[in-house]
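Chains, contacts and geometry: an overview
One-letter residues, chain by chain:
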Amino acid sequence: MGKIQCIASKIGEKNKFFHMSEAARCYLHGDHITVKKIHACIGLLLFSELRMSVAAYCIFCYRQIGTSGPATKKHIPWNYIRSIAFFLPFQPSLPAISSTCSCLLPACQNSCGLAKSEPGGAGCGANLPIPAEEKKLLMIGKIAKVTGSLMLGGFVFITYEVLSLKRLLQIDTQAINQEKLKSYVYVHTTSLNTSEYQGITYQARKEIHKAVRKILETEAKIFRRPFNEQFSTFDVEDHECALWLLLRRCQSEDKEVRLQAVQDLANNTHWHGYQYSTVAQTCDQRTAIGLARSKDIDLRFFLPPPLPRIKNDYLIGDELRSLLVSLPQTDLDPCVQYFTSLALRESSQILAAQRGGLWCFGGSGLPYCETLSKIPSETVELFCLQALVQHSKVSSHCDKIEAKGGLQLLQRIYQQRKDSAKIQRNIIRIIGNMALDERLHSSIVRAGWVSVLAEAMKSPHVIQSSHASRALANLDRDTVQEKYSDGVYILHPQYRSSQPIRADILFVHGLLGAAFKTWRQQDVDRRLDKKASEGEEDYTQCWPKTWLASDCPALRIISVEYDTHWSDWKAKCPVEAHRKSIAYRSNELLDKLRAAGIGDRPLVWVSHSMGGLLVKKMLVDASKNPEMDKIVNNTRGIIFYSVPHHGSQLAEYSINARYLIFPSVEVKELSKDSPALKELNDDFLSFAKDKKFSVLSFAETLPTHIGSMIKLHVVPLESAKLGIGDLIPVDVNHLNICKPKKKDAFLYQRTLKFIQDVLAQELGD
């Protein structure tokens, strides 16, 4: 204890400016010295030496002494201490500190266990009243406490509301990413450089680049700076830059890469509008044609045709006549010359009548005006378009049509006459003929015909879609090596397909027939057959295109068309009657079929009526021509639907009424026991037996109504008998012998079985 007194004395002497109160001296000189008192003494000394704040001193006394045992006063109000600690720095004067200390000493004294009865206890100033200044400080402390609590509560409330609002406004990024994935372009990872080795080294390099790219992307986000777009297209995922990658591959010199890229483009159906527009504006001619020949293609891949504005008083008929006049008129084919003169003559009469307020018609154009209800301008256009069809069959004339702006003129007519299927069909027929010349392909594409043909391919009418299919096939030199001349139509496949073609099926119609209507499903009176009316949606306009194509997808199905007439009253080209003979048509069709690749694959012929005679004539002629020998050697089978091998009663009736009907050349050749027919039949049988052709013949057993007065058995059973192969009588008339009622009908199923049997080796399973 003496050491403590000594230390205290030295400290007191050293701090002369500070006069220790009696309470401090009582601590040092009192008889009742305890550990608590020593702590209190040391606290007072440290307070005087280091000028520590009163709040820190009181806290020291309370914390240190409070652990020594139970005190008289167990709790010191913390708000009192906080108030002093907060406002003490603003009281720099020493007397204020002393006053504050004197106010705090009672609390410290009670905390140390010093009572008034202890020596020195009465002199500590514990009973002094609290000054007004301290009360003021206490009040301010309470106000600060309430204000702080309000501020803290407000801050917590605002934070909670912000977090709740953020949670409510949070966007579902997963749904956005799913929609975004739909617009990605997925391609087959085929390198443009065929020599590049895509092994382990390539994959490792790609993974490293992807990792580096992720790091750079993260760094750009953290530092909020733009990401290097040049690096973003280097070794990234395929869908991120596949649009331009596909466009580049579409121009590759490697044919397989090019075709696959076009297919990948066509397969994307969830693109954004700008992506389709990008392809439409940047793809080359070859890519545009390939897209047009892709199934279920989106028409947004193509730019609309460029059509200049025209004046209100603009007459298309005048432009067509001017175009016809500008074409060569000398050294022409007689039929071309005939159609041109007819169109110019009739159009002149009609245009003159239009301007004079009266419409009249006459001359040799009378047969072409079927009704008086037709709009004169359409009649003018039809006459001129028929002439242009004939001109488009001549290669040199096609160059003239292109040079005179004929492609743009035809485009304007096509767009203005969307209500006339016949006009549009003739125009597409002209485009298909011009497409046979590869030098004109770029001009056809620039005139906007690719988008028009792609739209026509989607037509529900088989005639419109087949004409467009022929034109596009002639334009597509990437996948089609054959050329389809006028009158040769491909029914399947009309689109690009990965399915290899194993064999060909060729359909040849008969008298008054056509490439499509002859092979339609049988017409049924829906008033009598309710089931047929219920199944109207399943009706097919051309069963080879729908039924046969679905049952035998590996076949190429072709149908040919040629003009035939029962009477010369409505002959379209009367100046050359010999062109209607079977011999002439045979040579003409053989050239067209050979250009279409007939003979390069196994072949099955399907014919109706006079078409069967034409098939026999073509095979006989091909057997005598070494250049056509492939057609004979690759023929696997022939189907005859009511073919008059030995003549027809229709020809007999026409000859008997020849002064009224004026039977055509082809009808006269069908007369019963005709020497020409007998010679043809003998020639065919002689080499058909050597070639061992498979033959299936169907014969009609019901008469056919021709008009309301005539009822004939057109091809009797004995005339339908060829002498080789099977002959099957069917209870139908001549018109319906090649038109099955439905897909599971006997006529179709027997035809299908024959085709599958003779082509079993090519079709496999």
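Residues numbered from 1 in each chain as written. Predicted model: local features only at pLDDT ≥ 70, side-chain atom pairs only at ≥ 80, totals over all residues. Heavy atoms only, no water.

**What to know about the overall build of the protein chain**
Helix and strand content of the protein chain: 35 helices and 9 strands. Burial status across the protein chain gives 47% buried among its 765 residues. Contacts in the protein chain between residues at least 24 apart in sequence constitute 74% of all its contacts with a sequence separation of at least 6. When the accessible surface of the protein chain is split by element, carbon and sulfur atoms take 56% of a total near 40,600 Å². (Helix = DSSP H or I, 4+ residues; strand = E, 2+ residues; numbered from the N terminus. Buried < 20%, exposed > 50% of the residue type's maximum accessible area, 1.4 Å probe, protein only. Contact = heavy atoms within 4.5 Å. Areas by Shrake-Rupley, 256 points an atom, 1.4 Å probe, with all protein chains shown as cover.)

**Details of the side chain of H441**
Relative to the elements of secondary structure, H441 occurs in helix 21 (residues 441-446). Not counting residues within four places of it along the chain, the set of residues in contact with H441 comprises Q285, A435, N474, L475 and R477.

**Overview of unusual backbone geometry**
Following H492, the chain continues to P493 via a peptide bond in cis, the omega torsion being -5 degrees. A positive phi angle is found at D296, which is not glycine, with a value near 55 degrees. Structurally, D296 can be placed in the loop between helix 14 (285-292) and helix 15 (316-326). With a relative accessible area of 59%, D296 lands in the exposed category. At S642, a position not held by glycine, the phi torsion is positive, near 50 degrees. By the element assignment, S642 lies in the loop between strand 5 (635-641) and helix 29 (649-656). Residue classification places S642 among the buried residues on the basis of a relative accessible area of 0%.

**Overview of the pairing of strand 2 (residues 503-508)**
Side-chain positions along a regular strand alternate between the two faces of the sheet. Along strand 2, 6 of the 6 residues are buried, which leaves the element largely enclosed by surrounding structure. The alternating pattern of strand 2 places A503, I505 and F507 on one face and D504, L506 and V508 on the opposite face, and all of these are buried. As paired strands, strand 2 and strand 3 (residues 555-560) are joined by 6 bridges and run parallel to one another. Bridge pairing in strand 3 links F507 to S559. Two elements, strand 2 and strand 4 (residues 603-608), share 5 bridges in a ladder whose sense is parallel. Among the inter-strand pairings, D504 is bridged to a residue of strand 4, identified as L603. (Pairing = 2+ DSSP bridges.)

**Here's the deal with the packing of helix 20 (residues 421-434) against helix 23 (residues 462-475)**
Contact pair helix 20 / helix 23: the axes reach a minimum separation of 8 Å and the direction vectors enclose 15 degrees. Looking at the two axes, helix 20 sits roughly parallel to helix 23. For the element pair helix 20 and helix 23, the recorded crossing hand is left-handed. Each of A421, Q424, R425, I428, R429, G432 and N433 in helix 20 lies in contact with helix 23, whose residues at this interface are I463, Q464, H467, A468, R470, A471 and N474. Of the residues in the contact of helix 20 with helix 23, the class split is 5 nonpolar, 6 polar and 3 charged. (Axes fitted to C-alpha atoms, helices over the stretch in contact; angles between N-to-C directions. Parallel < 35°, antiparallel > 145°, perpendicular 65-115°, else oblique. Left-handed = near helix turned anticlockwise from the far one by under 90°. Nonpolar A, V, L, I, M, F, W, Y, C, P; charged D, E, K, R; others polar.)

**Re the packing of aromatic side chains**
Taken as a whole, this structure holds 14 aromatic pairs when the rule is applied. Pairing F687 with F693 gives two aromatic rings, centres 5.8 Å apart and planes at 90 degrees, and the pair type is edge-to-face. As far as burial versus exposure is concerned, F687 and F693 are alike and both buried. Here a set of aromatic residues connected by ring pairs shows up, and it is made of F507, W519, W543, W547, Y641, F698 and Y748. (Phe/Tyr/Trp six-rings, centres within 6.5 Å; stacked < 30°, edge-to-face > 60°.)

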